[in-house]
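For reference, the chains in residue letters:
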Amino acid sequence: MVANLGPISPTMAGQTKVNSSFAHNPRCLKRDLSAYTASSWLTTTNLVNLTLGNAASTIETFQNELQGRFPQGFLGLHAAGHFSIGGDAGDLFSSPVDPVFFLHHAMLDRVWWIWQALHLSQAETIAGTITLFNNPPSRNTTLEDTIYMGQSNAPVRPISELLNSLGDSPFCYIYL
Amino acid sequence: MALPSKLDPTVVPGAKSRYDDFVAQHINQTLTIHGTGSFLSWHRYFVWSYETALREECGYTGYQPVSHLH
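Just so we're clear, the structure is a prediction, and the values are computed from it rather than from any experiment. (Residues numbered from 1 in each chain as written. Chains lettered and ligands numbered in written order. Predicted model: local features only at pLDDT ≥ 70, side-chain atom pairs only at ≥ 80, totals over all residues. Heavy atoms only, no water.)

Colleague: Where do I start with the overall build of chain B in this structure?
Modeller: Helices and strands together make up the secondary structure of chain B, namely two helices and zero strands. Seen through its C-alpha atoms, chain B measures out along the principal axes to roughly 35 × 30 × 20 Å. Put simply, chain B has 70 residues, and 60% of those count as buried. The long-range fraction of contacts in chain B, counting pairs at least 24 apart against all pairs at least 6 apart in sequence, stands at 19%. For chain B, the exposed surface amounts to about 3,000 Å²; the carbon and sulfur share of it is 59%. If the 5 positive side-chain charges of chain B are averaged to one point and the 6 negative ones to another, these points end up 3 Å apart. (Helix = DSSP H or I, 4+ residues; strand = E, 2+ residues; numbered from the N terminus. Buried < 20%, exposed > 50% of the residue type's maximum accessible area, 1.4 Å probe, protein only. Contact = heavy atoms within 4.5 Å. Areas by Shrake-Rupley, 256 points an atom, 1.4 Å probe, with all protein chains shown as cover. Lys, Arg positive; Asp, Glu negative; His and termini not counted. Charge placed at Lys NZ, Arg CZ, Asp CG, Glu CD.)

Here it is, written out as structure tokens:
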């Protein structure tokens, strides 16, 4: 299939980044499957730790374990999912050019949903700041902060409305 | 993939289809939606919006499939 946007921050040898973020750069989608990445971090042990183990104690520990602790060389389910597909899927910016992005993030959302179901009193809590890994240091994200989607089916909403998959405004779903 | 982009082509020349509109949105906001407090809720809304567009604009009658990681 043809990818039109990206790469912005390529992680696969042979890929050249575009000059501007929204340039038209039609090319065949690339993947670079990594069994090593998958077997190292896409594990049942990791999943159990996230939902029931030590990493599950707060939304902060859950989120950090899910996203990865890179200084410790731990990729976590999120990054490992991207890098086990590799190629365009490993680009922080343009990873959605590969439709597997949506299957992967649906799974991550499901893991969060499971954590929420197992920790109901904390289900609507958030943690983190408004900058990437708090670099440069910034204020904490709040429930009143808004999420912008730029899609007509998804108007601007505060985070508080996007935490409950059964909140009905807008979500009404469960995972089977 | 078949429906044309709704974005302004002078601003986002790389967006040709509705699918690209979602990619462009992720590119545009990358630095504030990863490693942040909004990571989980942004991506939840993003996948939901994509699934909704598939159903309401493209006539897809299913749901977003989930890839099991374990």
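And the narrative resumes.
Colleague: It is not clear to me how the confidence of the model for chain B should be interpreted in this structure. Could you clarify?
Modeller: Caution is warranted with low-pLDDT regions, since their predicted coordinates should not be read in detail. Mean pLDDT over chain B: 94, with 97% of residues reaching 70 or higher. Both scores are available for the predicted complex, with the pTM at 0.95 and the ipTM at 0.94. (pLDDT = per-residue confidence, 0-100.)

Colleague: Hey, could you run me through the side chain of Ser-165 of chain A in this one?
Modeller: Here Ser-165 of chain A shows up in the segment after strand 4 (157–158). Since its relative accessible area comes to 3%, Ser-165 of chain A is described here as buried. A polar atom in the side chain of Ser-165 of chain A sits 2.7 Å from the backbone oxygen of Tyr-173 of chain A. Setting aside its immediate chain neighbours within four residues, Ser-165 of chain A contacts Trp-113, Phe-171, Cys-172 and Tyr-173 of chain A together with Arg-44 of chain B. (Polar contact = N/O pair within 3.5 Å; in protein donor to acceptor, adjacent residues only side chain to side chain.)

Colleague: Would you take a moment to explain the pattern of salt bridges for this structure?
Modeller: Opposite charge on two side chains lets them pair, provided their charged atoms get close. Using the criterion set out here, one finds nine salt bridges over all chains in the structure. Close ionic contact of Glu-161 of chain A with Arg-157 of chain A constitutes a salt bridge, the shortest N to O distance being 2.8 Å. Taking the relative accessible area as the measure of exposure, Glu-161 of chain A reaches 31% and is therefore partly exposed. Linked through salt bridges whose partners overlap, the residues forming this network are Lys-6, Arg-18, Asp-21 and Glu-57 of chain B. (Salt bridge = Lys/Arg side-chain N within 4 Å of Asp/Glu carboxyl O.)

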